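Fold and contact review
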Amino acid sequence: MKGSLTVAEATPETGNGRDDEARAEQVYQLVLEGIVTGTFAQGGRLRERELSDMYGVSRIPVREAIQRLEQDGFVATFPRRGAVVRQLTLTDVNELFDVRLCLETFAARMAATRVAEGHSAGRLEELMEASNAAIDEDRADDVALISAELHAEIVRLSGNRLLIESVKPLFGRMRWIFGLAHNRSNELQRDEHKELCNAILKGRPDLAYSLAYTHIELGREPVLAGLAETLEP
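Reference entry: report on the structure contained in this document. These figures come from a predicted structure and were not determined experimentally.

1. Topic: helix α11 (residues 205–227)
Compared with the 33 Å implied by 1.5 Å per residue over 23 residues, the 33 Å span of α11 between its first and last C-alpha is a close match. Inspection of α11 places Ala208, Leu211, Ala212, His215, Ile216, Gly219, Arg220, Val223, Leu224 and Leu227 among the buried residues, and these make up the whole buried set. Considering only its buried residues, α11 is in contact with α5 (90–116), α7 (140–157), α9 (168–180) and α10 (186–201).

2. Side note on the packing of aromatic side chains
Taken as a whole and judged by the stated rule, the model has two aromatic pairs. Taking 5.7 Å as the distance between ring centres and 40° as the angle between the ring planes, the aromatic pair formed by Phe74 and Trp176 counts as tilted. Highlighted residues: Phe74 in the loop between α4 (59–71) and β1 (75–78) and Trp176 in helix α9, separated in sequence by 102 residues. Of the two residues examined, Phe74 and Trp176, each falls in the buried class. Arranged with centres 6.3 Å apart and planes meeting at 55°, the rings of Phe97 and Phe178 form a pair that is tilted. Here Phe97, found in helix α5, pairs with Phe178, found in helix α9; they are 81 residues apart in sequence, far enough to count as distant. A relative accessible area of 1% places Phe97 in the buried class. Geometry around Tyr209 places Arg109 over its ring, the cationic atom sitting 4.4 Å from the centre. Note that Arg173 overlies the ring of Phe74, its terminal NZ or CZ placed 5.9 Å from the centroid.

3. Focus: the environment of Ser58
With respect to the helices, strands and loops of the structure, Ser58 is situated in the loop between α3 (48–55) and α4. Ser58 gets classed as partly exposed once you look at its relative accessible area, which sits at 26%. Measuring from C-alpha to C-alpha, the distance between Ser58 and Asp20 comes to 9.8 Å, with 38 residues separating the pair along the chain.

Here is what the cut-offs are and how they apply
Residues numbered from 1 in each chain as written. Predicted model: local features only at pLDDT ≥ 70, side-chain atom pairs only at ≥ 80, totals over all residues. Heavy atoms only, no water. Helix = DSSP H or I, 4+ residues; strand = E, 2+ residues; numbered from the N terminus. Expected span 1.5 Å × (residues − 1). Buried < 20%, exposed > 50% of the residue type's maximum accessible area, 1.4 Å probe, protein only. Contact = heavy atoms within 4.5 Å. Phe/Tyr/Trp six-rings, centres within 6.5 Å; stacked < 30°, edge-to-face > 60°. Lys NZ or Arg CZ within 6 Å of the ring centre and 35° of its normal.

So this is what it looks like as structure tokens:
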């Protein structure tokens, strides 16, 4: 898998505690990317020895990464089977949208409030431009990735540190689910993103809240419909 040699090269095994933590973080990100992109299939086993060989690290950072992935809802562990990639259900998808309606709408309101107070939103504008370019050039993988980054940037703009930390696993799950079912046109989502981001950039909290709610809710039914034949209830 692309980038699989970077762990050992970037942080050689020196026994330094910070290096150990960095290796575990890198393994976490690499395995997460493999789950999100389907390299590691739902229900598939994650064997510590194989991952250790793949990434050129000991089994300790691999074990720590798998524990984090389990805490974040991407992996499940079973007696005699060990760690496996979780099998998503339609309930998981529905719950994701419910949580997004609670957290992302609040983030949009706070982001617009902070922009009105003078905080910079330059990164949000850059992501809008990058998203438009990816859609125009029909780069499907980049569209999904940039869309998740755009939503994450709105959360970052909220300035609420607890919220920012809490939603990190949420956006990984968004990429995972949207990679399995993307039933709305990119052009339609681009228009919705443009309206939402413009409300934030113009410092209009109530409008940003409403547009965020509408954007999330409009995505629920198409995604559920697209996954109805492949996921259990």
